[in-house]
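# Remarks on the overall topology
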Amino acid sequence: MTMTIEQAGLMLADPLAYTDEIRLHEGLARLRRESPVHLVTARGYLPFYAVTRHADVMEVERDGALWLSEPRPALAPGSGAMSEGFQVRTLVNMDDPDHRVVRAIGADWFRPKAMRMLEARVRELAREHVDRMAGLGGECDFASEIAVHYPLYVILSLLGLPESDFPRMLQLTRELFGAQDAEMARGDAKDSRINVLMDFFTYFQELTASRRAHPTDDMASAIANAVVDGQPLNDVETMSYYVIIATAGHDTTSSTIAGGLHALLTSDEGSQLARLRADPGLMATAADEMIRWVTPVKEFMRTASADTVLGGVPIAKGESVLLSYPSANRDEAVFASPFTFDVGRDPNKHLAFGFGAHYCLGAALARMEIRALFAELLPRLESIDLAGTPEWTATTFVGGLKHLPVRYRFR
Ligand code: HEM
């Protein structure tokens, strides 16, 4: 059944719409074609304009003075504040001048030199997770048993947390980001979000106190001991930093790894998998194609600081736009055969990491993790096939496959 343009727009505020990617992309393609800056008035949300073309998403992200992250950095019910009833102010909420200063605190840990130092550890973690898969026998749910753990272990290693705390962090980040999906949320959605944030707060408050008393050389120490304008970060700022690092680096990368494997198994009857195995030199382009294909971050928002016009549509000061990354990354005007998964795609100007001042801080790390996992996995596999129906997370924000049953044989 074909949908109306209104129905296509409403999908952007409907978590369930993201569990059916064929229908979702049908709607997004329609919006790009017919109404690329489209006013959406969805029940329970303030109105917003859905921006679905690659060029328009870039135009917004390029101009951080006109298009602000505050007060509505992402789609949330009600007033639009990210976390009603509980204050978190992370990098994604901030605009300059604060954004520049606070981003700099973490930025050193993501520079090429830091990435090279982390590489051996990432390889080791990739190997451990492939071993874990081998240990599960010939069948597993690759999304929930393998892909979900590995990126979190990388992030927590980067922060410097003890391995004994990893399971608790895994649970908390899943609850926070999966809050729109019944299977993952904890109790009532709004209470759940506040309780999960409270648990984070307690954990990271203790961590901060400990790193202030006994500084180490990890990222948690850098955050705990950061000084801005002669002052240490306050509790909310410190905890927001941990939250953004622990959450942003987790479901994003695990969704890409699960979705990447799914694409290898299903595209062109598995020929992309054969191609990548035959030519591991394609690993870098393959990782970026997985990121484009999955686009695990579904949206961020910006609010106009002055009256303006976008894609021919007048937008008043104070009105918000939703940047649809999945749509931008299938834009026919930019990508040749956008609905083809091509491990050799080059160039690949996807916007899955955003663009401009907020460009994903962890992009190099994410790429390294994805490459390391497949570089360990593929040579050890004799065969791998789908063993059931994959399922996608219900979310308007961050997610991808939550279940990917596979059957396999290791060499
Ligand atoms: C495939 C994996 C990932 C994807 C697709 C992704 C995507 C994104 C996107 C779309 C943004 C917002 C960009 C914008 O507004 O223009 C972002 C911001 C951010 N990401 Fe990632 N991310 C990934 C992995 C990671 C990892 C591994 C980390 C590491 C901790 C990370 C840390 C961050 C941080 C700190 C920000 C906020 C940057 C700012 O606002 O200045 N991300 N990411």
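In case you missed it, the structure is sitting above this.
Quick look at the structure, then. The structure presented is a predicted model; accordingly, all values stated were derived computationally and were not measured.

### Looking at the coordination of the iron atom of the ligand
For the iron atom of the ligand, the sole protein-derived donor is Cys360 (SG), lying 2.3 Å away. Topologically, Cys360 is positioned in the loop between helix H15 (325–328) and helix H16 (363–380).

### Considerations on the sheet that holds strand E11 (residues 381–386)
Read from one edge to the other, the open sheet built from three strands follows the order E4-E14-E11, with strand pairing classed as antiparallel. With one partner strand each, in any of the chains shown, strand E4 (139–141) and E11 form the two edges of the open sheet. Pairs of neighbouring strands in the sheet enclose a mean axial angle of 25°, with direction left out of account. Where E11 lies against strand E14 (residues 405–410), five bridges are found, and the strand directions are antiparallel.

### What about the sheet that holds strand E2 (residues 48–51)?
A sheet is described by the order of its strands in space; here five strands give the open sequence E1-E2-E10-E7-E3, paired in mixed fashion. Among the strands making up the open sheet, the edge pair consists of strand E1 (37–40) and strand E3 (67–68). Where E3 meets strand E7 (residues 299–304), two bridges bridge the pair, whose relative direction is antiparallel. Paired with Leu68 across the bridge in E7 is Thr303. Here helix H3 (residues 54–62) sits on the sheet in contact with E1, E2, E3, E7 and strand E10 (320–324), set at roughly 125° to E10.

What counts as what
- Residues numbered from 1 in each chain as written.
- Predicted model: local features only at pLDDT ≥ 70, side-chain atom pairs only at ≥ 80, totals over all residues.
- Heavy atoms only, no water.
- Donors = N, O, S within 2.8 Å, 3.2 Å for Na, K, Ca; no water.
- Helix = DSSP H or I, 4+ residues; strand = E, 2+ residues; numbered from the N terminus.
- Pairing = 2+ DSSP bridges.
- Axes fitted to C-alpha atoms, helices over the stretch in contact; angles between N-to-C directions.
- Contact = heavy atoms within 4.5 Å.

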